[in-house]
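# Observations on the model geometry
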Amino acid sequence: MKGNGFVSARVDGEQGVASALKALREAGVPRERIEVLSDLPLPESVLGGRMRATKVLRWTAAGLVIGLLTGVFFSVGTLFLYPLLVGGEAARVAPPNFIIIYELTMFGIVVATALGFFLETRGRGPRRPYFEGVSVGEIFVVVDLPPDLVPSRVRSALESHGAEPLPDQSETT
Amino acid sequence: MSERGGPGSVGRGDRPGPTPVSGSTRTGPTTEEAALAFEAAGVKTAPALTEENLRDLDRDLDARVFGAMQSISIRYLLLVGFLGSVVAFGAFAFGWQIYKGIGVAGINRPVFWGFYIASFVFWIGISHAGTLVSAILRVLKVEWRMPLTRAAEAMTLFALMIGGLFPIIHLGRNWRFYWMIPVPNERGLWPNFRSALMWDLLAILTYITASSLFLLLPLIPDLATARDRTRGLRRRIYGLLSFGWRGTQQQWHRLHVAMRVFTIVVIPIAVSVHTIVSWDFGMTLVEGWRSTVFGPYFVIGAIYSGMAALITVLVLVRRSLKLEDYVTLRHFDRLGKVLLAVSVIWFYMFWAGFLTDWYGGSTVAKLIQHEHLVGHSAVLFWTMMVVNVLIPFILLWFRRVRTSMTAMLVISLLVNVGMWIERFLIVTSPGINSLSYNWGSYTPQWPEIAIATATFAAFALLYVLFSKALPLISLWEVKESWRVDRWRREGLIEAESDVPPLTMGVPAVTGATAVTGATAVTGATAIGGRGGAS
Amino acid sequence: MVVDLDVCTGCQACAVACLAENNVGIVGEEEAAIGRAQHWIRIERYWDEGEYPEVRAQFLPVMCQQCGKAPCEPVCPVFASVHSEDGLNSQVYNRCIGTRYCAHNCPYKARVFNFFAPQFPSPLEQQLNPDVTVRSVGIMEKCTFCVQRIRRAREQARVEDRPIADGEIMPACVQTCPPGALVFGDAGDPDSQVSRLMASRRGIRLLEAFNTEPSVVYLKREGGLDV
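Residues numbered from 1 in each chain as written. Chains lettered and ligands numbered in written order. Predicted model: local features only at pLDDT ≥ 70, side-chain atom pairs only at ≥ 80, totals over all residues. Heavy atoms only, no water.

Of the regular secondary structure elements, chain A holds five helices and four strands. The helix and strand sequence of chain A, counted from the amino end, reads β-α-β-α-α-α-β-α-β. Counting all 173 residues of chain A, 51% fall into the buried class. Residue pairs at least 24 apart in sequence account for 80% of intrachain contacts in chain A once pairs closer than 6 positions are excluded. Total accessible area on chain A is roughly 8,300 Å²; 61% of this is exposed by carbon and sulfur atoms. (Helix = DSSP H or I, 4+ residues; strand = E, 2+ residues; numbered from the N terminus. Buried < 20%, exposed > 50% of the residue type's maximum accessible area, 1.4 Å probe, protein only. Contact = heavy atoms within 4.5 Å. Areas by Shrake-Rupley, 256 points an atom, 1.4 Å probe, with all protein chains shown as cover.)

Below is the structure:
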């Protein structure tokens, strides 16, 4: 997604978020280019719906499948690789396999979900603006400007709706 | 949270919404409740909170938590030094055992397992505190869990780290423990997945992974806050650990989704872990072990000791980090009710197994029971009965007991003494077996005692270090829970019709036990972002 | 293997022979007193009811029963306890990591553990059997039915291109037993001496309720020697 730089503004409370989002919508900024930074999750009604879908659950599903297959391999496959007789049972038995498959499926889910979360959170692309004010409870709106919008217009749109645009030399992480 | 927890009993009238369900209807606070609410609320009683009030509360919470993290007193260093030296002595004992041979422990034939396995089961049991409080209460959307989750999740992780060491310490050839790792050896032989010990390994591996991530994920926003509050090396470490957290709503949503997966998955994992631990015993041919009730019995035992340990830790942490306003007496009141319920269930499970053995069990099983009831282990057995069943059952009915820190500390410690004894009695019961020529007894030797003691110190040490390194209260979750009330009032969150109006921190429950109380708030839109997305 | 309890005198010669044949470590008095004696075969002595001198001792030689459905085997996480092709219940020393789970699951308590590295006080080290591994600390061991003798006899027979004769293989305990209470042979061969003895109406298996299918049959006491 090519960008035109960032415009950031501090807003006042949930109402501020709502009006800033309204202003941006009127100024023609697509939703996926808007970020709202806060120190706690805001209600979705404030944001007018979900900001963007996450792919974490796909990771979960992939982890489930991989874990399940690993479990099947461990419990069933290894019995074929090196069959040994124990306890007078057949070399290949089923019931204990379910435990192995169960545990490894869970393991796969857990690891993959976390991996998906971390990779998605780490993100790619240029560094995005961040403000330490977030961690003392302030709320910020960050706009990743589309190519067809000029910063000043977005800035004034935000300002007219009570937000407080910030200079661009924000700290980043 | 319950600063304005007062609303639990005062100031609810101004909120719209239906009457609370399931026995939580009450017209007004009793004197006792009002007193408790006042006690819990302290000076900050305010029925409706403005954003300004909330900001003040946020700042106060941050100041306390980060203040506690940054001040290091002489007493703290002394404590770390003391605990560290106990741990070091345990490490020395372990080294001695490796050097001389496992025979320096008191184990023998027929009691091949002793202190180490008892400790193993004990610590794995303790680890269930975090899962219970954090995950189960999270699933049930019980809001009062908020200030407790982090402390409980940390307990889970630390207890697992310690518990997981014991099977290795206990091995005859500890230096070969990695032969159990599921990779083929040089001849292409894999480990035996039919062995309950392999199930153990995989279950504990899964659980320790899940619980460390379960701790880490909701910690990330707080780590980002810590990153912004610190400078220098600490800032860089926190920055690294916060994985580029900026607090965007996308990130919050993603965290929410990931946590939902974890919350759901971690509960069956926890149940499976202790079930499998119990199957180490239950699956065998050993009289006194072989049992079908062991799975659920051990799981409930784990939850019992975990809850008790959580109460112990909370009493101590609350006191030492001055978190009285956040971890309130109402929390202990509820935890006490849960403990009482779990204690009764534990006794029921115990009785189910005991009576079966007594009525139709084999001679050996009956001999073991005889030994427990009137024999050599009678003192241990009856101590267990008194501290695990009698004392909690008599005392925990009283709110005065449940809200007395001293009483709760003593009871929770006693419960864990009892649970330790229970594991010890189970693990050493093969002293009586089918061929009476081979009967034997077990006396722990100094390396076993030193190592078992060291692990308690190690647990405390991990906790003490943790309290300086990371916020021991989940800041964002607490802050969020404070706002839910206002959000609902302002119509930002839908007030679902069949849901009791949740007050912040203090749910509208007065049911007989906290278990039913928790059910009463199931499905509540407890938290804004979460409730909306679920 | 067949153990005739009517014949056993409890003389413990089998235990000594086993120690010598199988390089079993000597643990010493103190260790033995707390149950760490390493004997692969032991004479369990049970007293009948009665007041001295009107009492009788019963002797029960117990070694690994080489179970068909050995409970020790599936519980080992590293396949140290497995079934060999010839039906023996074998312990692979170099795989063992010492969980001692197998020992718990053995109803006969036939498994012994090297709590310390095995000791051979002089001059015992002079008579170590070169055919048998000297075990290390922290691993499980147990009666093998003198597998080294079985293998040797089998190889000998193969070289000479003949079947193994009945009674050709003798574990050390069988070879030593003065009254001949222990008999070893091929239970699969209906004409062998053990098969005939096993068919005796006196034949019982130890702790049969556990359904472990032991290879050892005891001929229960019906008179015989008064000791």
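It is worth spelling out the nonpolar core at this point. A general feature of soluble globular proteins is that nonpolar side chains tend to end up buried together. Grouped together as the largest cluster of nonpolar side chains are 216 residues, with contacts concentrated most on Phe281(B), Tyr463(B) and Met1(C). Of all hydrophobic cores here, the second largest spans 24 residues; its members include Ala9(A), Leu24(A), Val143(A) and Leu492(B). (Core = buried A, V, L, I, M, F, W, Y, C linked by side-chain atoms within 4.5 Å.)

This part takes up the interface of chain B and chain C. In this complex, chain B contributes 47 residues to the contact, which on the side of chain C involves 47 residues. The junction of chain B with chain C conceals about 3,700 Å² of combined surface from both sides, 63% of it contributed by carbon and sulfur atoms. Linking chain B to chain C there are zero salt bridges. Taken together, the connections running from chain B to chain C amount to 29 residue pairs in polar contact (both at pLDDT 80 or more). Of all the secondary-structure elements, those providing two or more residues to the side of chain B that touches chain C are α7 (196-216) and α10 (249-282) of chain B. (Buried area = accessible area lost by both parts, 1.4 Å probe. Salt bridge = Lys/Arg side-chain N within 4 Å of Asp/Glu carboxyl O. Polar contact = N/O pair within 3.5 Å; in protein donor to acceptor, adjacent residues only side chain to side chain.)

All told, the structure shown has 17 cavities of 30 Å³ or more when counted by the stated rule. If you trace the second largest cavity, you find 16 residues lining it, with Asp39(A), Ser135(A), Pro221(B), Thr225(B) and Trp245(B) closest to the centre. If one sorts the elements of the lining of the second largest cavity by residue count, helix α8 (residues 219-229) of chain B sits on top with four residues. (1 Å grid on protein atoms, 1.4 Å probe; cavity = no way out; pocket = protein on both sides within 12 Å on 5 of 7 lines; lining within 4 Å. Points joined across faces, edges and corners; volume = space filled by probe spheres on them.)

Residue and element names in this part refer to chain C. With respect to topology, four strands assemble into an open sheet ordered β8-β1-β10-β9, the strand pairing being mixed. Strands with a single pairing partner mark the edges of an open sheet, and in this sheet they are β8 (182-183) and β9 (203-204). Bridge count for strand β1 (residues 2-4) against strand β10 (residues 217-219) is three bridges, and the pairing is parallel. Within β10, the position partnered with Val3 by the bridge is Tyr218. (Pairing = 2+ DSSP bridges.)

According to the stated counting rule, one finds 35 salt bridges over all chains in the structure shown. For Asp144(A), the salt bridge identified is with Arg128(A), shortest N-O distance 3.3 Å. Within this pair, whereas Asp144(A) is found in strand β3 (residues 139-144), its partner Arg128(A) is found in the loop between α4 (95-122) and β3, the two being separated by 16 residues in sequence. Residue classification places Arg128(A) among the partly exposed residues on the basis of a relative accessible area of 26%. The network of salt bridges with common partners includes Arg33(A), Glu35(A), Arg128(A), Asp144(A) and Arg246(B).

Looking now at the sheet that holds strand β1 (residues 6-11) of chain A. Residues and elements named next belong to chain A. Ordered in space as β2-β3-β1-β4, the four strands form an open sheet in which the pairing is antiparallel. Looking along the sheet, the strands with just one partner apiece sit at the ends: β2 (34-37) and β4 (164-166). In this sheet, adjacent strand axes meet at a mean angle of 25° when their direction is disregarded. Pairing geometry for β1 and β3, over six bridges, is antiparallel. (Axes fitted to C-alpha atoms, helices over the stretch in contact; angles between N-to-C directions.)

Here chain A is described as being made up of domain 1 (6-40 + 137-172) and domain 2 (56-121). The C-alpha centroid of domain 2 of chain A is placed 46 Å from the C-alpha centroid of domain 1 of chain A. (Domains from an automatic or database assignment.)

Quick look at a nonpolar patch on the surface now. Residue and element names in this part refer to chain A. A cluster of nonpolar side chains, Leu68, Val72, Val76 and Phe80, forms an exposed patch at the surface whose accessible area comes to about 310 Å². In this structure, Leu68 sits in helix α3 (residues 56-81). Leu68 gets classed as partly exposed once you look at its relative accessible area, which sits at 36%. (Patch = residues over 30% accessible without salt bridge, like charges linked within 9 Å, V, L, I, M, F, W, Y side chains within 5 Å.)

Moving on, we get to helix α6 (residues 146-170) of chain B. For an α-helix, 3.6 residues make a turn, and residues three or four places apart therefore share a direction. With 25 residues, α6(B) extends 38 Å between its outermost C-alpha atoms, agreeing within 8% with the 36 Å of an ideal straight helix rising 1.5 Å per residue. For α6(B), the tally of buried residues reaches 20 of 25 residues, placing the bulk of the element in the interior. (Expected span 1.5 Å × (residues − 1).)

What follows concerns the packing of aromatic side chains. Evaluated as defined, the whole model comprises 56 aromatic pairs over all chains. For the ring pair Phe115(B) and Tyr442(B), a centre distance of 6.4 Å and an interplane angle of 45° mean the geometry is tilted. A residue pair is termed long-range when its members are at least 10 positions apart, and Phe115(B) in helix α4 (residues 115-126) and Tyr442(B) in the loop between α16 (405-427) and α17 (446-469) qualify at 327 residues. Classification of Phe115(B) by relative accessible area gives buried; the value is 12%. Accessibility expressed as a relative area gives 11% for Tyr442(B), which makes it buried. Here the aromatic rings of Phe393(B) and Trp397(B) are separated by 5.8 Å at their centres, their planes lie at 90°, and the arrangement is edge-to-face. Sitting over the face of the ring of Tyr130(A), Arg227(B) holds its NZ or CZ atom 4.8 Å from the ring centroid. (Phe/Tyr/Trp six-rings, centres within 6.5 Å; stacked < 30°, edge-to-face > 60°. Lys NZ or Arg CZ within 6 Å of the ring centre and 35° of its normal.)

This part is about the packing of α8(B) against helix α9 (residues 232-241) of chain B. Residue and element names in this part refer to chain B. Packing of α8 against α9 brings their axes to within 8 Å, and their N-to-C directions diverge by 155°. What the angle tells us is that α8 and α9 run roughly antiparallel. The handedness of the crossing between α8 and α9 comes out as left-handed. Only Arg235, Tyr238, Gly239 and Leu241 of α9 make contact with α8, whose side of the interface consists of Ile220, Leu223, Ala226, Arg227 and Asp228. (Parallel < 35°, antiparallel > 145°, perpendicular 65-115°, else oblique. Left-handed = near helix turned anticlockwise from the far one by under 90°.)

All names here are of chain A. When pLDDT is averaged along chain A, the result is 83, and 90% of the positions lie at 70 or above. Within chain A, the lowest mean pLDDT, 77, falls on helix α2 (residues 44-47), and the highest, 93, falls on α3. Long-range and interchain partners of residues 169-173, a stretch whose pLDDT sits below 50, account for 14 contacts in this model, where long-range means more than four residues apart. (pLDDT = per-residue confidence, 0-100.)

A word on the packing of helix α5 (residues 128-139) of chain B against α6(B). Residues and elements named next belong to chain B. The N-to-C vectors of α5 and α6 enclose an angle of 140°; their axes lie 6 Å apart at closest approach. On the basis of the axis angle, α5 is oblique to α6. The handedness of the crossing between α5 and α6 comes out as left-handed. Contact residues: α5 offers Ala129, Gly130, Thr131, Val133, Ser134 and Arg138, while α6 offers Leu148, Thr149, Ala152, Glu153, Met155 and Thr156. When grouped by side-chain class, the residues that make up the contact of α5 with α6 number five nonpolar, five polar and two charged. (Nonpolar A, V, L, I, M, F, W, Y, C, P; charged D, E, K, R; others polar.)

Before going further, it helps to spend a moment on the pairing of β3(A). All names here are of chain A. Of all six residues in β3, six are buried; the element is thus mostly enclosed. Pairing geometry for β2 and β3, over four bridges, is antiparallel. Residue pairing for β3: Val36 is matched across the bridge by Val141.

The next subject is unusual backbone geometry. Excluding glycine, residues mostly carry a negative phi; peptide bonds, for their part, are mostly trans. Of note, the bond from Arg109(B) into Pro110(B) is cis; its omega dihedral lies within 30 degrees of zero at 15°. For the peptide bond that leads from Ser122(C) to Pro123(C), omega is 5°, which places it in the cis range. Looking at the element boundaries, Pro123(C) is found in the loop between β6 (112-113) and β7 (140-141). Notably, Phe243(B) is not glycine yet its phi reads approximately 50°, a positive angle.

The subject of this paragraph is the side chain of Thr78(A). Turning to its location among the elements, Thr78(A) is positioned in helix α3. A residue is classified by how much of its surface remains accessible, and Thr78(A), at 5% relative accessible area, is buried. Discounting chain neighbours no more than four positions away, the residues touching Thr78(A) are Phe73(A), Trp190(B) and Phe193(B).

Let's shift gears to the interface of chain B and chain A. It is common to give the size of an interface as the accessible area that goes away when the parts come together. With 63 residues of chain B at the contact, the number on the chain A side is 64 residues. Taking both partners together, chain B and chain A bury about 5,700 Å²; carbon and sulfur atoms supply 65% of that area. At the junction of chain B and chain A, the tally comes to five salt bridges. In this assembly, chain B and chain A are joined by 18 residue pairs in polar contact (both at pLDDT 80 or more). Elements represented by at least two residues in the side of chain B that touches chain A include exactly α2 (51-70), α7, α8, α9, α10, α18 (475-489) and α20 (528-533) of chain B. Sorting elements by how many residues they give to the side of chain B that touches chain A places α10(B) first, with 17 residues. In the side of chain B that touches chain A, the residues fall into 32 nonpolar, 14 polar and 17 charged.

Looking now at the environment of Thr403(B). Residue and element names in this part refer to chain B. Its place among the elements puts Thr403 in the loop between α15 (399-402) and α16. Since its relative accessible area comes to 15%, Thr403 is described here as buried. For the pair formed by Thr403 and Arg290, sequence separation is 113 residues and the distance between their alpha carbons is 40 Å. Polar contacts involving the side chain of Thr403 include one to the main-chain carbonyl oxygen of Arg399, which spans 2.8 Å.

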